[in-house]
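Per-entry structural report
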Amino acid sequence: ERALTEQLVSFLKQIFTGATDQFLSTEPIMFDNMGRADGLKRLLSALLQSWRDNADVLHRGNIVAFLADAMFFSSFTDAWQVHAQARDLISILFDALLWKGVEGTAGLALGNFVSANGHIDLILDHDRAAHSISNVGWFLKRTTPGWDTKMQIYYLWRVLRSRKGCRLLSRHPHADLVIAGLLTGVRHATNEDNEVLSLLECFLTDEDTRPVVLLGSNPGRLLDGICELLSDGEPELSEPTCLLLQALLDATGPGALLTWTGAAKLVGALSRKPHGKDAQWHGKDIIDAVVPMLQWQPSMTSALSLEFKRAWLSDQIHSSGPGDSVEISVSRGDLLRGVLESLRDPKGLQHGVKVKFMGDETGAGDGHRRECFRLVISALCDMEFGLFKSMDGGRSLHPSSTASDAEPECIPYFELVGKLVALALMHQETLPAARFTLALRKMLLSAGPLSVEDMASVDPEFYKHKVQYLLESKYAEGEGAMTLTDLDLTFEDVPQPDVFPDARHELHPGGSQVHVTEENKHHYVELLCDTRMRGAVSSQVEGILAGMRAIIPEEAWSLIQRVISPDELDLLVCGLREVDLQDWKANSTCDVEQETWDLFWSVVSDFTMQQHKDLLEFTTGSAAAPVGGFANLPGYGTIGDVQRFTLARNLNSALPVASTCFNTLYLPKCRTQAEMSAGLLEAIAHRNVGGFYEGAVAQ
């Protein structure tokens, strides 16, 4: 009889293991043949007796495994619940929680028992319920995390999330042991087995169990696990992990995060924007809430991703109050003056700006705004216009000290520069032409005093041949060595000694009478650099600042200055310097034949970097991808919406046309690489005349 019983139990285990894969269709067949309630009652009685009569580990393991799979069926658990010896059957599984080799299966069986029809009271009201909690606690303490521990956590997840379950744990003498095991399990959570996350979240929101979770070093251990999951775990775990973190912060306040040793890494992980279809940014709300406290800790703000800062900046500037976007109408023939007048009154601009070109029947759209702002900022930053100068070969711009000579009413134009920068940040768009020097960006953000080294970003040649020449005493080297007395320098600045030798500016009152010596040369260089970087252009810088602050709310401005670094401001305003063709292709989509798709990328791969930028500008309205690359191309409609670069068929024109609102390039049918290349180059050559932009409505 014993051998036959063992074989029958093994047979049942194998049948039910296969049946659970399709239990909805197999339940009637299996349980009708067992006689439903009466047959199940006799089966359960026999299993209980066999457990008592046969202590063989393998046999008992098969009983537990059979019960674990049979629990998937509500017919089975319903029969169990009304069985005269139901509590004895539960005790089998309680004991099995510590039986070597079946600990995890016992946890699965108990969890499934509750899952099938919610028979939780039969477990929680059991006189050995607390004993089962102890068994789990001790098992979690002595066992390396794996499948068995996850199944025992699954049991706890099924029975302890109720109010009654939380009270049971809070009064349990080994509650700390259970919590310690759960904290260890956090970092081992997977997309399929993540019950530990929601269980701890439940404990943190319950007033009875919360103190146990927050005891001693537990918050730090929990943050360790959360940080590991968000940094290296499966993307699908982001939501439950962030919910757990939010519960912890609600229970402790942000202090638990900000004082934790790994805070910077966790902040960085939370601030990373997930990519992919339907990906949601679960960490953004958490970081949004703590940024006002992070602002005082540079190590924290520097850990924030640029993608987060891009979205956060937009949120700070954009008004959430009632109001509609401001629509402006401008003429392509008088674009600069038209935009200057249209944006002179900043009222309402925080709700967004739409641009309509007069005579253009395609209406107002986001693509028109990107094109308009790009053309205007390019005109303002053109060195021939006179507002800015570049002393590094055009790589960066600094306000010109002679701007008023080129344009007597220059300050309103500098203010317009500031407004366009603020609006671009709000709309999460780029202005590649506004590539300012490091010194100017530091002044805009009040990022500490300017240093002598910052002069290198304004005028590299002056820095090398004047600043370093003096500070490193180059004049005293070589055959023609000299002294400072030989140089006959005074505390004056002579901006253009070869052209205007008499145009001198004292660096401080009476400076023309003070000679530069070895003792005061450092002070002389500091004053000289400060004058050229800041003093001579202070009104111009103030103009840019006034324009920015006309758009950016006052309460947000000081916060922005502490969160955004000068280097980050450059990337956020101007976008990425280079076009990454692989990133572009990987984040593009199409509505064309595969042959056309392949032909297009083959042609574009032969283009120069400048041609890449021109093509991008033609299609999207901007010559630079934003931070985060092509996955973050701004689209049409709500600020922050993303629109992938798209290739589509053009049946109405012999040349490519673009819908800049939707980042879509419409291609005519081309048979050869040369034909497509010629068409693209012809189209982008005329991108600034308005003939090839067709707006969102035109297509």
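This text follows the structure it describes.
Report on the accompanying structure. Keep in mind the model is a prediction, meaning the values are calculated, not measured.

Cut-offs and rules
- Along every chain, residues carry numbers that run from 1 in the direction the sequence is written.
- Two thresholds apply to this predicted model, a pLDDT of at least 70 for residue-level local features and 80 or more for giving and counting side-chain atom pairs, whereas whole-chain, interface and lining totals are computed over all residues.
- With hydrogens and water stripped out, all remaining heavy atoms of the structure feed into the side-chain values.
- Buried Ala, Val, Leu, Ile, Met, Phe, Trp, Tyr and Cys residues that are joined via side-chain atoms within 4.5 Å together make up what is termed a nonpolar core.
- Any residue under 20% of the maximum accessible area for its type is buried, any over 50% is exposed, and the rest in between are partly exposed; the area is computed with a 1.4 Å probe on protein chains only.
- In this text, helices come from DSSP runs of H or I with a minimum length of four residues, and strands from runs of E with a minimum of two, each type numbered from the N-terminal end.
- In this analysis, two residues are considered to be in contact whenever any of their non-hydrogen atoms come within 4.5 Å of each other.
- For Phe, Tyr and Trp, where Trp contributes only its six-membered ring, two rings pair if their centres lie within 6.5 Å, and the inter-plane angle classes them as stacked under 30 degrees, edge-to-face over 60, or tilted in between.
- Should a side-chain nitrogen of Lys or Arg be within 4 Å of a carboxyl oxygen of Asp or Glu, the pair is scored as a salt bridge.

Attention shifts here to the nonpolar core. Counting 181 residues, the largest nonpolar core has Phe-76 and Trp-80 as its most contacted members. No other element matches helix H25 (residues 411-427), which puts 11 residues into this core. Setting aside anything within four residues of it in sequence, one finds Trp-80 in contact with Leu-44, Leu-67, Met-71, Ala-86, Leu-89, Ile-90, Leu-93, Phe-113 and Leu-122. Ranked by size, the runner-up nonpolar core spans 26 residues in total, among them Ala-625, Leu-647, Met-676 and Leu-680.

Scanning all chains against the criterion turns up 19 aromatic pairs. Between the aromatic rings of Trp-80 and Phe-113, the centroid separation amounts to 5.2 Å while the plane-to-plane angle is 50°, which identifies the pairing as tilted. Of this pair, Trp-80 sits in helix H5 (residues 74-81) while Phe-113 is found in helix H7 (residues 103-117), placing the two residues 33 residues apart along the sequence. Relative accessible area serves as the criterion here: at 0%, Trp-80 is assigned to the buried category. Phe-113 gets classed as buried once you look at its relative accessible area, which sits at 0%. For the ring pair Trp-584 and Trp-601, a centre distance of 5.8 Å and an interplane angle of 85° mean the geometry is edge-to-face. Separated by 17 residues along the polypeptide, Trp-584 in helix H34 (residues 581-586) and Trp-601 in helix H35 (residues 594-605) bring together distant segments of the chain. One exposure class covers both Trp-584 and Trp-601, and it is buried.

Take unusual backbone geometry next. One non-glycine residue, Ser-473, lies in the positive phi region at around 55°. Note on placement: Ser-473 falls in the loop between helix H28 (460-471) and helix H29 (484-487). Despite not being glycine, Asn-663 has its phi angle at roughly 50°, a positive value. With respect to the secondary-structure elements, Asn-663 resides in the loop between strand E9 (657-659) and strand E10 (664-667).

Here the focus is the pattern of salt bridges. Applying the stated criterion to the full structure yields 28 salt bridges. Arg-163 is the salt-bridge partner of Asp-206, the closest N and O atoms lying 3.0 Å from each other. Of this pair, Asp-206 sits in the loop between helix H13 (195-205) and helix H14 (210-213) while Arg-163 sits in helix H11 (residues 163-170); the two residues are 43 residues apart in sequence, bridging distant segments of the chain. When its relative accessible area of 9% is taken as the criterion, Asp-206 is described as buried. Overall, the relative accessible area of 35% leaves Arg-163 in the partly exposed class.

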